[in-house]
Amino acid sequence: MNDTTAPRFNNPIARWLDERYELRRLVDFLEHKEVPIGNHSMVWYYLGGTTMFFFVIQILSGLLLLAYYQAGEHSSYESIRFITTKVPFGWLIRAVHCWSAHLMIVSLVVHMFSTMLLKAYRPPREMTWVTGFILFAIGLGFGFSGYLLPWNELAFFATSVGTDSVKAVPGIGDWLLQVMRGGPDVTINTLYRFFALHVVALPLAIFMVMGVHLLFIQRQGMAPGIGHEKAERGMKFFPNFFLRDVLLWMICLIVLMVLAVTLPYGPGVPGVEWQLGLKADPLAPAFPGIKPEWYFLWIYQLLKEVPPHIMGMEGPEAALLMVSVLMLTWMFVPWLDRKARRGEPSPGFTDFGVGAILYVLFLTLKAWDIGGGAAHGQEPDPGAVASTCAGITLGIAALITALRVLKYKQRYFLFSGGIALHVALHGFAGLSYLRSLLAAAIVVVLLLGVSWYRGTRAAGGERRAA
């Protein structure tokens, strides 16, 4: 007979802690915890840990920057310049902080889409998905609030453009703008508010939500493959999975350091650059080509595509309404996907996720003015931009479709096909963005209606035959 009261630890310190905090329960949990092995790649299970790794780098590098940073109309810019020019390896710390922020968002986005495509949000993990979505929103808030802190010219005007869009929120837009900016314009009050948001409010929020998110994962475990309540086999979390996780973190650290050393101020692509440049001057005219961070580019471009007035609404109001509907739909996917809730494959929502990727990709490429052929300071050719970006998006769509057909035997392409039709009509047929989107939406709705009608008739025939 096993003696469960026998001491588990030989080390006296561990034994002392075990007597007070029952460490043996934690050890037993780690010994029995398994990661499910399904018919999909295990790589998707590592993305959550990768995101958390980059977040830890953010915290550590941010604390080092805070040792010298002083928020103020003159001190913000000067302290960043002092860090990058006078502090030993200060430029490297700032580069690590900036690059890890972008890599964290990349990892977070891929993690979110992989969860969507694997249907890991199905019961009982709906709230794990919701808390993950909230973490995604907080991550975007970190990027937006931190962008202004150097108080340089690029950050000032990009923040002016970004905050100006909230005026379109019906009813409370002007009030919300005043709250964000601390007045009608971007001033030093805006910097103080963004600094407090970046170093106090958002860290508190993300630690609370992340704690709940990790608690859900530990209580419910990682989701097995679709159609299985429990995976047929698994991998020991400790040490097998954990050591692989650590190895990936080391690879991520190497990639991060290489990027920070070779490209300390970013690749120079709009939305992915943090050269200090000139100090912010609220009285100076905004120079052309100001764009927000890359993960906001699709919203930025959508605001440009919508005309000033549409269907009795202001253009920005209509654009923000579209974004809000898309975001809410995304957050409530666990309740909308009824087939996944029953443990059945749901090809429609898989295709919906692919369509979302293509939709955001096309708008992001357009925001970069790819193919516009404009020299510095000149406006790009919108027709050339639309056709070039359409060609790139449709090429990527074709590759994704071939992969889905050949490897995963998928046959549902209604939503991704609708986005591809929208992109083709806008890029090659010359239709406006909204007209091409409306035409594609009509086609998708008609095909959905035909599919529903056929399904209803087939079900009625089976009942009559029975």
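Use the structure listed above.
None of these values were measured; they are calculated from a predicted model.

A. Examining the nonpolar core more closely. By size, the foremost hydrophobic cluster in this structure holds 46 residues, and its most contacted members are W129, I206 and W330. Among the secondary structure elements, those contributing two or more residues to this core are α3 (47–66), α5 (90–118), α6 (126–146), α9 (188–220), α10 (237–262), α11 (297–305), α12 (315–331) and α15 (347–367). At 12 residues, α5 tops the list of elements feeding residues into this core. V323, V354, L358 and V423 belong to the second largest nonpolar core, which has 22 residues in total.

B. Main features of the packing of helix α8 (residues 173–181) against α9. For the pair α8 and α9, the least separation of the axes is 7 Å and the interaxial angle reads 80°. By the angle between their directions, the pair α8 and α9 is classed as roughly perpendicular. Note on element contacts: α9 touches α8 through N189, T190, R193 and F194, opposite Q178, V179, M180 and R181.

C. Here's a closer look at the packing of α11 against α15. α15 packs onto α11 with a crossing angle of 75° between their chain directions and a minimal axis gap of 8 Å. On the basis of the axis angle, α11 is roughly perpendicular to α15. Between α11, through L297, W298, Y300, Q301, L302 and E305, and α15, the contact on the second element is made entirely by Y359, V360, L363, T364, K366 and A367. A per-class count over the contact of α11 with α15 returns 8 nonpolar, 2 polar and 2 charged.

D. Geometry of unusual backbone geometry. Following P123, the chain continues to P124 via a peptide bond in cis, the omega torsion being 10°. The residue P124 is located in the loop between α5 and α6 in this model. Residue P239 is reached from F238 by a cis peptide bond, and omega for that bond is 10°. Tracing the backbone shows P239 in helix α10. With a phi close to 60°, F89 is a non-glycine residue in the positive phi region. Positionally, F89 belongs in the loop between α4 (75–85) and α5. Its relative accessible area of 58% is what places F89 among the exposed residues. Within the chain, M311 stands out as a residue other than glycine whose phi angle is a positive 55°.

Definitions and limits used
Every chain is numbered on its own, with residues counted from 1 as its sequence reads. Thresholds applied to this predicted model are a pLDDT of at least 70 for local features of residues and 80 or more for the giving and counting of side-chain atom pairs; totals over whole chains, interfaces and linings are not thresholded and use all residues. Values shown for side chains rest on all heavy atoms present in the structure; no hydrogens or waters enter the calculation. By nonpolar core we mean a set of buried residues, namely Ala, Val, Leu, Ile, Met, Phe, Trp, Tyr and Cys, connected to one another through side-chain atoms within 4.5 Å. Buried means the residue's accessible area, taken with a 1.4 Å probe over protein chains only, is under 20% of the maximum for its type, while exposed means over 50%, and partly exposed covers the values in between. Secondary structure counts use DSSP, requiring at least four H or I residues in a row for a helix and at least two E residues in a row for a strand, with both numbered from the N terminus. Only the stretch in contact is used when fitting a helix axis, every axis being a line fitted to C-alpha atoms; angles between N-to-C directions are given from 0 to 180 degrees. Roughly parallel covers angles under 35 degrees, roughly antiparallel covers those over 145, roughly perpendicular covers 65 to 115, and oblique covers all other angles. Contacts are residue-level and defined by heavy atoms, with any inter-residue pair within 4.5 Å sufficient. When residues are sorted by character, Ala, Val, Leu, Ile, Met, Phe, Trp, Tyr, Cys and Pro go into the nonpolar class, Asp, Glu, Lys and Arg into the charged class, and all the rest, Gly among them, into the polar class.

These values are about where atoms sit, not about what they do.
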